[in-house]
Structure formats: structure tokens, C-alpha cells
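Each chain, letter by letter, is given below.
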Amino acid sequence: MKNIMFIAPPAAGKGTQAKKVAESYGIPHISSGDVLREMSQEDSELGHSIAEKLATGKFIEDNILYQLIENRLKREDCKNGYILDGFPRNLSQAIEYDKILNSLGYEVGTVILIHINEETLEKRITGRRTCESCHAIYNIHEENNSPKVESICDNCGGKLYQRTDDNVDSFKNRLKAYKESTEPIIQYYREKNVLHEINGEDTVDNVFKQVKTILDNEN
Ligand code: AMP
């Protein structure tokens with residue numbers, strides 16, 4: 001299976017789609033945001049500094065990301081493909097990612113860009129709830145995406161929480177960072193002929209159908 005990467009603005013559904021891909025194709029889901037949120041729980045200087053940046057929607061330093069991604073991709077379970085969600089997020093990271101891929105003998109694979117309106121994103125951000133155990137994602141404002149029991153994860157029974165950065169102020173910073181820093185990588189992957197584009201303005205299942213069509217054609 002080719003490696004997969006999602007590019008999308010905050011709350012466009014990349015985490016949700018990445019989880020579905022991981023389950024359907026039996027490959028690991030590597031979310032830089034999930035790893036950083038775990039690191040932010042640590043009672044250390046690094047943990048506190050990450051927590052502060054996450055809450056305000058600021059990017060974490062590139063070097064922290066490089067270590068985290070390289071160590072994760074070296075693991076045995078990535079040999080048959082993996083799905084990367086949240087990295088790279090700027091051009092320097094995209095260039096460093098190529099170096100990491102080279103050193104491991106891996107290819108970038110399939111890159112999927114999710115298109116979505118800003119108004120939809122802002123609505124989604126306040127309703128998002130995340131499972132603290134398995135990281136499953138719900139939206140309490142969407143009938144077909146709400147948990148069956150309030151605040152409890154359908155998958156594992158874990159407790160749902162609202163991310164510290166899922167508020168309107170932080171969202172504005174995250175969207176600005178996406179436009180300024182992440183959007184330039186779209187052209188980078190377009191030029192490599194690996195970019196596919198889908199419409200994220202639909203139900204989770206319908207967006208996944210678009211993802212699946214691309215992946216089934218590519219593999
Ligand atoms: P996400 O879960 O992908 O929405 O990421 C949540 C937050 O984690 C982002 O708003 C950033 O603060 C941080 N983050 C995740 N991935 C990266 C990255 N590749 N570079 C810098 N910061 C990141």
C-alpha cells in the first residue's frame with residue numbers, strides 16, 4: 001500500500017478520515033497533533049511549552065516534529081504503508097520529510113487535499129469532541145456524528161473532551177497559520193504529481209467514499 005498524507009485546514013475532517021482509512025486498510029494512523037497532545041500532558045518544561053502553544057493554535061517547533069515523525073516512521077508497523085495526518089505543515093517540514101523518506105527508502109505516496117468552506121469549519125470547531133483514550137472524533141452539532149451517550153466514546157467507552165484549541169479565537173490563529181504556512185505545500189506536492197483533491201462539504205461517509213476511490217485506484 002502506498003503511504004498516504006492528508007492536507008486540510010483545521011477541523012476539515014482529516015483526523016476522522018485518517019482513522020477510517022487506517023481501519024479499512026489496516027495501516028497505522030500517525031497524527032502529529034495526537035502525539036503532541038500526549039506530550040503536552042507531561043509535567044516537564046517541554047510538556048508545558050507544548051501545551052501553551054497548542055491552546056493558542058501556534059505551531060510547535062519544526063525540530064520537535066522531525067524527531068517525533070522520524071522515530072515513529074522507523075517503527076516496523078510503517079513498512080507496509082501508513083497514513084500521516086498533520087505533518088508536514090510548512091515548506092521546511094515538507095523538504096525535511098523528503099529527507100526522512102529518502103533515508104528510510106520510502107516514497108511520499110498519495111497526498112489528499114480536502115477542500116472546505118471557512119464557515120463550515122468555524123461551525124465544526126465548537127462542536128468537536130475527542131476521546132481521551134482512543135482519539136475518536138465526534139461532533140455534538142451533527143446528528144449523525146454525535147456520540148450515542150453524551151460525553152462517552154461509542155468505540156471504547158472513554159471520556160470525551162473538548163480540545164483546548166477548539167475555540168473560535170484559537171481557530172482563527174490556526175486558520176491563519178494554515179493559509180500562510182501550510183497552503184504553499186499544496187503546490188509542492190502538485191508539482192510532484194502526487195496530489196489528489198476532494199470535497200469535504202459532505203457527510204463523513206460520503207467524504208470517505210471519495211477517499212476510497214482515490215486509494216483503490218492508486219494501489
Ligand atoms: P491537529 O490535531 O492536526 O489539528 O494539530 C493540533 C495542533 O498541533 C496544531 O494546531 C499545532 O499547534 C500542533 N501541530 C500539529 N502538527 C504540527 C506540525 N506538523 N507542525 C507544527 N505544529 C503542529
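Below or above, wherever it landed, is the structure these notes cover. (Residues numbered from 1 in each chain as written. Predicted model: local features only at pLDDT ≥ 70, side-chain atom pairs only at ≥ 80, totals over all residues. Heavy atoms only, no water.)

### Regarding the sheet that holds strand β1 (residues 4–7)
Turning to step 1, where the next piece is worked out: The parallel open sheet is built from 5 strands, whose spatial order is β2-β3-β1-β4-β8. For this open sheet the edge positions go to β2 (29–31) and β8 (195–199), each flanked by a neighbour on one side alone. Pairs of neighbouring strands in the sheet enclose a mean axial angle of 25°, with direction left out of account.
Turning to step 2, where the next piece is worked out: As judged from the 3 bridges shared by β1 and strand β3 (residues 83–85), these two strands associate in the parallel manner. Across the sheet, Met5 pairs through a bridge with Leu84, a residue of β3. (Pairing = 2+ DSSP bridges. Helix = DSSP H or I, 4+ residues; strand = E, 2+ residues; numbered from the N terminus. Axes fitted to C-alpha atoms, helices over the stretch in contact; angles between N-to-C directions.)

### Things to note about the nonpolar core
Turning to step 1, where the next piece is worked out: Grouped together as the largest cluster of nonpolar side chains are 32 residues, with contacts concentrated most on Ile7, Leu36, Tyr82, Tyr97 and Tyr189.
Turning to step 2, where the next piece is worked out: Within the residue set of this core, elements represented by two or more residues are β1, α2 (32–39), α3 (45–56), α4 (62–73), α5 (91–104), β4 (110–115) and α8 (184–191).
Turning to step 3, where the next piece is worked out: Dropping the residues within four chain positions of it, Tyr189 is found in contact with Met5, Ile7, Pro88, Ala94, Tyr97, Val108, Val111, Val194 and Leu195.
Turning to step 4, where the next piece is worked out: In this structure, Val21, Ile116, Val207 and Ile214 belong to the second largest nonpolar core, which totals 23 residues. (Core = buried A, V, L, I, M, F, W, Y, C linked by side-chain atoms within 4.5 Å. Buried < 20%, exposed > 50% of the residue type's maximum accessible area, 1.4 Å probe, protein only. Contact = heavy atoms within 4.5 Å.)

### Examining the packing of aromatic side chains
Turning to step 1, where the next piece is worked out: In this structure the tally under the stated criterion is 4 aromatic pairs.
Turning to step 2, where the next piece is worked out: Their ring planes at 90° and their centres at 5.8 Å tell us that Phe87 and Tyr97 sit as a pair that is edge-to-face. Residue Phe87 is located in the loop between β3 and α5, and its partner Tyr97 is located in helix α5; the two are separated by 10 residues in the primary sequence. Note on accessibility: Phe87 and Tyr97 belong to one class, buried.
Turning to step 3, where the next piece is worked out: Both rings, one in Tyr188 and one in Tyr189, keep their centres 5.1 Å apart while their planes meet at 85°; by these two values the pair is edge-to-face.
Turning to step 4, where the next piece is worked out: Here Tyr189 falls in the buried class, since its relative accessible area comes to 0%.
Turning to step 5, where the next piece is worked out: In this structure, Lys20 is placed above the aromatic ring of Phe208, and the distance from its NZ or CZ to the ring centre is 5.3 Å. (Phe/Tyr/Trp six-rings, centres within 6.5 Å; stacked < 30°, edge-to-face > 60°. Lys NZ or Arg CZ within 6 Å of the ring centre and 35° of its normal.)

### Points about the pattern of salt bridges
Turning to step 1, where the next piece is worked out: As enumerated under the stated definition, the model contains 19 salt bridges in all.
Turning to step 2, where the next piece is worked out: Lys14 is paired through a salt bridge with Asp85; the nearest N and O atoms lie 3.3 Å apart. In this pair, Lys14 sits in helix α1 (residues 14–25) while Asp85 sits in strand β3, placing the two residues 71 residues apart along the sequence.
Turning to step 3, where the next piece is worked out: Measuring nitrogen to oxygen at the nearest pair gives 2.9 Å for the salt bridge that ties Asp166 to Arg128. Highlighted residues: Asp166 in the loop between β7 (160–161) and α7 (168–182) and Arg128 in strand β5 (residues 128–131), separated in sequence by 38 residues. Each of the two residues, Asp166 as well as Arg128, counts as buried. (Salt bridge = Lys/Arg side-chain N within 4 Å of Asp/Glu carboxyl O.)

### Structural notes on the site of the ligand
Turning to step 1, where the next piece is worked out: Taken together, 17 residues sit near the ligand, with Lys14, Ser32, Lys58, Gly86 and Arg89 positioned nearest.
Turning to step 2, where the next piece is worked out: Within the side chain of Ser32, one N or O atom sits 2.7 Å away from a nitrogen atom of the ligand.
Turning to step 3, where the next piece is worked out: Coverage of the ligand by the protein chains reaches 97% of its 480 Å² of free accessible surface.
Turning to step 4, where the next piece is worked out: For the shell around the ligand, a count of residues per class yields 6 nonpolar, 4 polar and 7 charged. (Near = heavy atom within 4 Å. Polar contact = N/O pair within 3.5 Å; in protein donor to acceptor, adjacent residues only side chain to side chain. Areas by Shrake-Rupley, 256 points an atom, 1.4 Å probe, with all protein chains shown as cover. Nonpolar A, V, L, I, M, F, W, Y, C, P; charged D, E, K, R; others polar.)

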